[in-house]
Amino acid sequence: MKRDRIVIGGLLCLLASMSWGAMFPVAHSALKHVDALYFSLIRYSAVTVILIGLLWWKEGREAFRLGKEGKRLWFFGTMAFTVYNFGIFLGQDMLGTSGIIIASIMEALMPMLTVVFMWLYKNVRPSRFTLVTVSVAFTGVILIITHGDLHSLLLSFHQMLAIGLMLIAVLGWLLYTVGGESYPRWSALRYSTLSCLLGTGTSAVIVAVLTWLGILKAPSMETIMLIGPEMGFMILFPGVIALLSWNLGVKHLTPMNGILFINFIPVTTFVVSAAQGYQMTPYDLSGTLLVMGALIANNLYQRRLSRPDGTLRPESVGAGLTSAKAEASAS
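Residues numbered from 1 in each chain as written. Predicted model: local features only at pLDDT ≥ 70, side-chain atom pairs only at ≥ 80, totals over all residues. Heavy atoms only, no water.

Cut-off, in case you're wondering: UniProt positions are given in the numbering used here, feature names are shortened, and annotations may be inferred rather than shown by experiment.
An unreviewed UniProt entry annotates the protein as DMT family transporter originating from Paenibacillus residui. The Sequence similarities (unreviewed entry) field of the UniProt record for the protein holds the comment "Belongs to the EamA transporter family."

Digging into the pattern of salt bridges
We count it as follows: The rule for a salt bridge is simple: a side-chain nitrogen of Lys or Arg has to be within 4 Å of a carboxyl oxygen of Asp or Glu.
Per the counting criterion, the structure on display carries two salt bridges. Notably, a salt bridge pairs Arg65 with Glu62, separated by 3.6 Å at the nearest N-O pair. Residue Glu69 pairs with Arg72 through a salt bridge whose shortest N-O separation is 2.7 Å.

Regarding the side chain of Thr48
For clarity, the cut-off: A run of H or I in DSSP counts as a helix once it spans at least four residues, and a run of E counts as a strand once it spans at least two, with each numbered from the N terminus. Classification of residues uses two cut-offs on accessible area relative to the type maximum, computed with a 1.4 Å probe and protein chains only: under 20% is buried, over 50% is exposed, and between them is partly exposed. Any N or O atom pair separated by 3.5 Å or less is treated as a polar contact, with the protein-specific requirement of one donor-capable and one acceptor-capable atom, and with residues adjacent in sequence counted only for side-chain atom pairs. Whether two residues touch is decided by their heavy atoms; if any such pair falls within 4.5 Å, the residues are in contact.
With respect to the helices, strands and loops of the structure, Thr48 is situated in helix H2 (residues 36-59). Thr48 sits in the buried class, given a relative accessible area of 5%. Among the polar contacts made by the side chain of Thr48, one reaches the main-chain carbonyl oxygen of Tyr44 at a distance of 2.6 Å. When neighbours within four sequence positions are excluded, Thr48 is seen to be in contact with Cys196, Leu197 and Thr200.

Overview of a nonpolar patch on the surface
Selection rule: Each patch is built from salt-bridge-free residues with over 30% relative accessible area, joining like charges within 9 Å and nonpolar side chains (Val, Leu, Ile, Met, Phe, Trp, Tyr) within 5 Å. Surface accessibility in these figures is a Shrake-Rupley result with a 1.4 Å probe; residues are shielded only by whichever protein chains are displayed.
Nonpolar side chains collect at one region of the surface, where Val205, Val209, Trp212, Leu213 and Ile215 lie side by side and expose about 580 Å² of accessible area between them. Looking at the secondary structure, you find Val205 in helix H8 (residues 188-212). Classification of Val205 as exposed rests on a relative accessible area of 53%.

What about the environment of Ala275?
Along the chain, the position of Ala275 falls in helix H12 (residues 264-275). Given the relative accessible area of 68%, Ala275 is considered exposed. Sequence-wise, Ala275 and Pro25 are 250 residues apart; in three dimensions their C-alpha atoms are separated by 9.9 Å.

Considering the environment of Thr200
Here Thr200 is to be found in helix H8. The spatial distance from the C-alpha of Thr200 to the C-alpha of Ile42 is 9.4 Å, given a sequence separation of 158 residues. In this structure, Thr200 is in contact with Leu41, Tyr44, Ser45, Thr48 and Phe81, ignoring residues within four places of it in sequence. Reaching out from Thr200, the side chain makes a polar contact with the backbone oxygen of Cys196 at a distance of 2.7 Å.

Digging into helix H4 (residues 97-122)
Where we set the bar: The span one expects for a helix is its residue count, reduced by one, times 1.5 Å. Bend at a given residue is defined as the angle between two axes, one fitted to the seven residues that end at that position and one fitted to the seven that begin there.
In this model, H4 (26 residues) spans 37 Å end to end at C-alpha, consistent with the 38 Å of a helix rising 1.5 Å per residue. Within H4, the axis deviates most sharply at Met110, by approximately 55°, and proline Pro111 lies no more than four positions further along. Taken across its 26 residues, H4 has 19 buried, putting it largely inside the fold. Among the residues trailing H4, Asn123 stands out with phi positive, at a value near 55°.

Quick notes on helix H13 (residues 282-304)
Since the α-helix packs 3.6 residues into each turn, any two residues three or four apart lie on the same face. When the terminal C-alpha atoms of H13 are compared, their 33 Å separation across 23 residues agrees well with the 33 Å that a helix rising 1.5 Å per residue should span. Every buried residue of H13 is accounted for by Asp284, Gly287, Thr288, Val291, Met292, Ala294, Leu295, Asn298, Asn299, Tyr301 and Gln302.

Observations regarding the packing of aromatic side chains
Which entries qualify depends on this criterion: Each Phe, Tyr or Trp ring, with Trp reduced to its six-membered ring, pairs with another whose centre is within 6.5 Å; inter-plane angles below 30 degrees give stacked pairs, above 60 give edge-to-face pairs, and intermediate values give tilted ones. Distance and angle both matter: a charge sits over a ring if NZ of Lys or CZ of Arg is within 6 Å of the ring centre and within 35 degrees of the ring normal.
Counted according to the given criterion, the structure contains 15 aromatic pairs. On the numbers, 5.3 Å between centres and 20° between planes, the contact of Phe233 with Phe237 is stacked. Of the two residues, Phe233 and Phe237 are both situated in helix H10 (residues 228-253); the distance of four residues between them amounts to about one turn of the helix. For Phe233, a relative accessible area of 22% puts it in the partly exposed group. For Phe237, a relative accessible area of 32% corresponds to the partly exposed category. Ring pairs connect the aromatic residues Tyr44, Phe81, Tyr84, Trp173, Tyr176, Tyr183, Trp186 and Tyr191, which therefore count as one cluster. The positively charged end of Arg190 is found above the aromatic ring belonging to Trp186, 3.9 Å away from the centroid.

Let's talk about the confidence of the model for the protein
Formally: A score from 0 to 100, pLDDT tells how confident the predictor is in each residue.
For the protein, per-residue confidence averages 83 on the pLDDT scale, and residues scoring 70 or more make up 89% of the total. Per-residue pLDDT stays below 50 along residues 309-331; that stretch engages in 80 contacts with residues further than four places along the chain or on separate chains.

A few points about the side chain of Ser195
Secondary-structure assignment places Ser195 in helix H8. For Ser195, the contacting residues outside a window of four places in its chain are Leu73, Gly77, Phe81 and Tyr176.

Right, dumping it as structure tokens:
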């Protein structure tokens, strides 16, 4: 691997991971003024417009033809851009300040959750070592959520509901990731753009119905202007730049190398949160270190089982399911 490709790929993956890490504390500021569902809809409506422009410029009008893929692509887009975004930000908002860290950890945990999902969905049993690292990672998450008091989690329905929404959100993204493998001839930009367009359409219908029923209240223009800086960041960095930077960076580094940069998500979240006045607890720190350590250990295990060309040997099936593709546009 040439040095310039390593440097460029590393910088791109770092930019993407830091953008996703900063996403949750920035969103927390905006969610004080606007509902999580409207927040997601406004954000991805703008992202959709930008992606449409990029796809039209790069691949032309032909790239927008769905053919027989419309219904299936709508499903995958809804999983990612409705289920994931509504679930992750509703859960974060319900948990308040602590939701910032927990949402970030859920993002960093996604490679490990992919292992479990593929085991249940495709009956691909991970290696024993990978199962150990998954268990360690989940222990770290529980430590952060409960602050060492498991009994408090069991007694709090509100807290359990918020965590449940986040897990459903991650499941939605995993389904979207698996769906992307069905379009090997499509560019990442085309799959992202068309699925984002259809998924955001679903979000618009849901928000419109809930507003009509009086469950949601549309934000005023004054409110939208108030959260303008946060929304601008969320649209440009986690929404567009991180997506494109990650896809290109992983091509330079390979997924096995790129996925290590996921560790910068919770680190960036802590840095930004600390700047906003959040006091990190020992449970936050130790839980995060457990998640990051598990991810790094499993990555090193994959390297040991890899062939010289980077592919995995048969005995490592399951260890390598933490593909960086699962993070390709997670935000």
